[in-house]
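Close look at the chain arrangement
Here are the chains, one letter per residue:
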Amino acid sequence: MSKLLPFGLLLTLCLTPAVTGAQHRGFDLSQLDLSQLDLSQLDPAAIMASANDTVMRAPDGNIDELFQALHRASRVPDDASTLCALFDPSADRSAQALMAAAQNLGPDSRQRFSNALINIAATGLQSPRQSFDAAAAKQTLKSAGAKAMILHDGFAAGLNADGDDGAARQARCRSFGWLLDALKDLPMDQRAAATRLMLNEGLTRLAPR
């Protein structure tokens, strides 16, 4: 799970403005702009509580829409490079840096993320809490990793590559792309559970201590 932390954090930081905006009367979610979010003005405890509740209430189909946005972004070279930079050992993973990474994605990827986040915020505020088995979700991630390892030589080496050099980053990025490909081939409920797990992990790491 620690290897997936940057994706979980990125997904969580992308989710924050949508959830925050949806709770304020008159906020137009269609105008969601991650670059305009002033993190210093938000109450971290309140935001994390709201985001966690939204993640656990949003239906699987909406959570999966966010996974699909992430998968599509990983297939675009420039966007994949932006995402994979978060995995560098010395990468800045502050809230501001993660939000900047999300904003630096290409327009198509940003639009897909925005659409997914709008839908999660809207349905998560209105839906009952969804069933969620964390142990099963972890097993889904492990199974996807095992499949990627079988299908692709160098998957494990890339996943564990150290260093900030270009070769190490490319190896990590390739392996995470393979992992997302493996997840995409699973049934939607399993993909959604794995995405929900990554979101929850991101929320846990970002929660104020």
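Everything below is about the structure printed above this text.
First, a word on what this report is: a plain description of the structure on this page. Predicted, not measured: the structure shown is a model, and the values here were computed from it. (Residues numbered from 1 in each chain as written. Predicted model: local features only at pLDDT ≥ 70, side-chain atom pairs only at ≥ 80, totals over all residues. Heavy atoms only, no water.)

1. Points about the packing of helix α3 (residues 60–74) against helix α9 (residues 166–184)
At their nearest, the axes of α3 and α9 sit 10 Å apart, and the two run at 140 degrees to each other. Compared by their axis directions, α3 and α9 come out oblique. In the packing of α3 onto α9, the handedness of the crossing is left-handed. Two secondary-structure elements touch here, α3 through Phe67, Gln68, Leu70, His71 and Ser74 and α9 through Leu180, Asp181, Leu183 and Lys184. Across the contact of α3 with α9, the residue classes tally to 4 nonpolar, 3 polar and 2 charged. (Axes fitted to C-alpha atoms, helices over the stretch in contact; angles between N-to-C directions. Helix = DSSP H or I, 4+ residues; strand = E, 2+ residues; numbered from the N terminus. Parallel < 35°, antiparallel > 145°, perpendicular 65-115°, else oblique. Left-handed = near helix turned anticlockwise from the far one by under 90°. Contact = heavy atoms within 4.5 Å. Nonpolar A, V, L, I, M, F, W, Y, C, P; charged D, E, K, R; others polar.)

2. Quick word on α9
A rise of 1.5 Å per residue sets the reference length of α9, with its 19 residues, at 27 Å; its end C-alpha atoms lie 27 Å apart and thus fit the reference within 8%. Along α9, the positions that sit buried rather than exposed are Ala168, Ala171, Arg172, Cys173, Ser175, Phe176, Gly177, Trp178, Leu179, Leu180, Ala182 and Leu183. (Expected span 1.5 Å × (residues − 1). Buried < 20%, exposed > 50% of the residue type's maximum accessible area, 1.4 Å probe, protein only.)

3. A word on the environment of Asp53
Within the secondary structure, Asp53 sits in helix α2 (residues 44–57). It is 8.0 Å that separates the C-alpha atoms of Asp53 and Arg129, two residues lying 76 residues apart in sequence.

4. Focus: the nonpolar core
If you look at the biggest cluster of nonpolar residues, it comprises 33 residues, and the most contacted ones within it are Ile63, Leu66, Phe113, Phe155 and Leu183. Those elements that provide at least two residues to this core are α2, α3, α6 (107–124), α7 (134–151), α8 (155–159), α9 and α10 (188–206). Apart from residues no more than four positions distant in its own chain, Phe155 is found in contact with Gly145, Ala148, Met149, Ser175, Trp178 and Leu179. (Core = buried A, V, L, I, M, F, W, Y, C linked by side-chain atoms within 4.5 Å.)

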